[in-house]
Structure formats: structure tokens, C-alpha cells
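Residues per chain are reported as follows:
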Amino acid sequence: QVQLLESGGGLVQAGGSLRLSCAASGMTFSIVIMGWYRQVPGKQRELVARIWRAGTTVYADSVKGRFTISRDNAKNTVYLQMNSLKPEDTAVYYCNVPNYDMNYWGTGTLVTVSS
């Protein structure tokens, strides 16, 4: 059974930093893409960052230069280092692993940035 376990969320002041982690387990396939999405109430879930197995990354414009996604392929773990956090970064952050027609999601971790 595929499981994505996130950790690292919490409350931080504007300008501060947090590091999210997501450990994937139960995969019967090689994980090519790992990513982070976020969602606030009343809005659609949006892509924050994505990383391919070889290291290629993409970022939402709103987080470029502030967030860094990385992964440890041996541990099937993806990280999101978030610096210079802003109140508008407040959201539930979800780990994502797509595989052909399947999308696997974590249960989410709340990040709250106070002004």
C-alpha cells in the first residue's frame, strides 16, 4: 500500500524558514516525479514545486528564489526548504507522487506564517 508521510509543518513568523519532508513507502514502481502542492480553503490545490529523479526541478513563480525542492532517491524522500516565508504562503502542503494515471497524495501538513 502506497503511503506518503509528511512532516515539518508548523507556525513561523514572516521571514522565517521551515523544512518539509515526505517519505514514500509501499511503492512497487520507481518514483520518477515527486512534488509539493498547497491548498488554502476555497481555492484549488496548486503546484509549489516538482522534482524529477535525475534532479530537474520546476517551481511556481510565487516561490522561485525562496523555496528549494530536493530528494533522496535511496530513501524515497522529498524535501521542501522554505525560506523568506510570507503570510500568503500559509496553506496545507501536500506531498504528491504521480505515476501514469494514478496520483498519490499525503494527508497534508499545515504551514502557518504570521505577519
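As the structure is a computational prediction, the values presented were derived from the model and not from experiment.

Peer 1: Quick one: what's the story with the nonpolar core, residue by residue and with numbers?
Peer 2: In this structure, W36, L80, M82 and Y93 are the most contacted members of the largest nonpolar core, which totals 29 residues. Residue assignment for this core shows that the elements contributing at least two residues are β3 (18–25), β4 (33–39), β5 (46–52), β7 (67–72), β8 (77–82), β9 (91–99) and β11 (109–114). Excluding residues that lie within four positions of it along the chain, M82 makes contacts with G16, S17, L18, L20, R66, F67, Y93 and V111.

Peer 1: Go over the pattern of salt bridges, please, and point to the residues and values.
Peer 2: Summed over the entire model, instances satisfying the criterion amount to 4 salt bridges. In this structure, R38 and E46 form a salt bridge, with 2.7 Å as the shortest nitrogen-oxygen distance. Accessibility expressed as a relative area gives 37% for E46, which makes it partly exposed.

Peer 1: I'd like to hear about the packing of aromatic side chains, residue by residue, with values.
Peer 2: Summed over the entire model, instances satisfying the criterion amount to 3 aromatic pairs. Taken together, a centroid distance of 5.9 Å and an interplanar angle of 25° make the contact between F29 and Y104 stacked. You can see F29 sitting in the loop between β3 and β4 and its partner Y104 sitting in strand β10 (residues 102–105), a full 75 residues away along the chain. Taking 6.5 Å as the distance between ring centres and 90° as the angle between the ring planes, the aromatic pair formed by Y94 and W105 counts as edge-to-face. Taken together, the positions of Y94 in strand β9 and W105 in strand β10 put the pair 11 residues apart, joining distant regions of the chain. Overall, the relative accessible area of 14% leaves Y94 in the buried class.

Peer 1: Outline the state of the cysteines, listing residues and values.
Peer 2: On inspection of all chains with the given rule, the structure shows 1 disulfide. The side chain of C22 participates in a disulfide bridge whose partner is C95; the two sulfur atoms lie 2.1 Å from each other. Taking the sign of the S-S torsion, -80° for the link of C22 and C95, the bridge is left-handed. Separated by 73 residues along the polypeptide, C22 in strand β3 and C95 in strand β9 bring together distant segments of the chain. Using a relative accessible area of 0% as the deciding quantity, one classes C22 as buried. We classify C95 as buried; its relative accessible area is 0%.

Peer 1: Explain the sheet that holds strand β1 (residues 3–7) to me, and be specific about the residues and the numbers.
Peer 2: Strand order in the open sheet formed by 4 strands is β1-β3-β8-β7, and the pairing between neighbours is antiparallel. Where the open sheet ends on each side, the last strands, each with one partner, are β1 and β7. With direction set aside, neighbouring strand axes in the sheet form an average angle of 15°. Two elements, β7 and β8, share 6 bridges in a ladder whose sense is antiparallel. In the sheet register, R71 faces β8, and the bridge partner there is V78.

Analysis parameters
Residues numbered from 1 in each chain as written. Predicted model: local features only at pLDDT ≥ 70, side-chain atom pairs only at ≥ 80, totals over all residues. Heavy atoms only, no water. Core = buried A, V, L, I, M, F, W, Y, C linked by side-chain atoms within 4.5 Å. Buried < 20%, exposed > 50% of the residue type's maximum accessible area, 1.4 Å probe, protein only. Helix = DSSP H or I, 4+ residues; strand = E, 2+ residues; numbered from the N terminus. Contact = heavy atoms within 4.5 Å. Salt bridge = Lys/Arg side-chain N within 4 Å of Asp/Glu carboxyl O. Phe/Tyr/Trp six-rings, centres within 6.5 Å; stacked < 30°, edge-to-face > 60°. Disulfide = S-S within 2.5 Å. Pairing = 2+ DSSP bridges. Axes fitted to C-alpha atoms, helices over the stretch in contact; angles between N-to-C directions.

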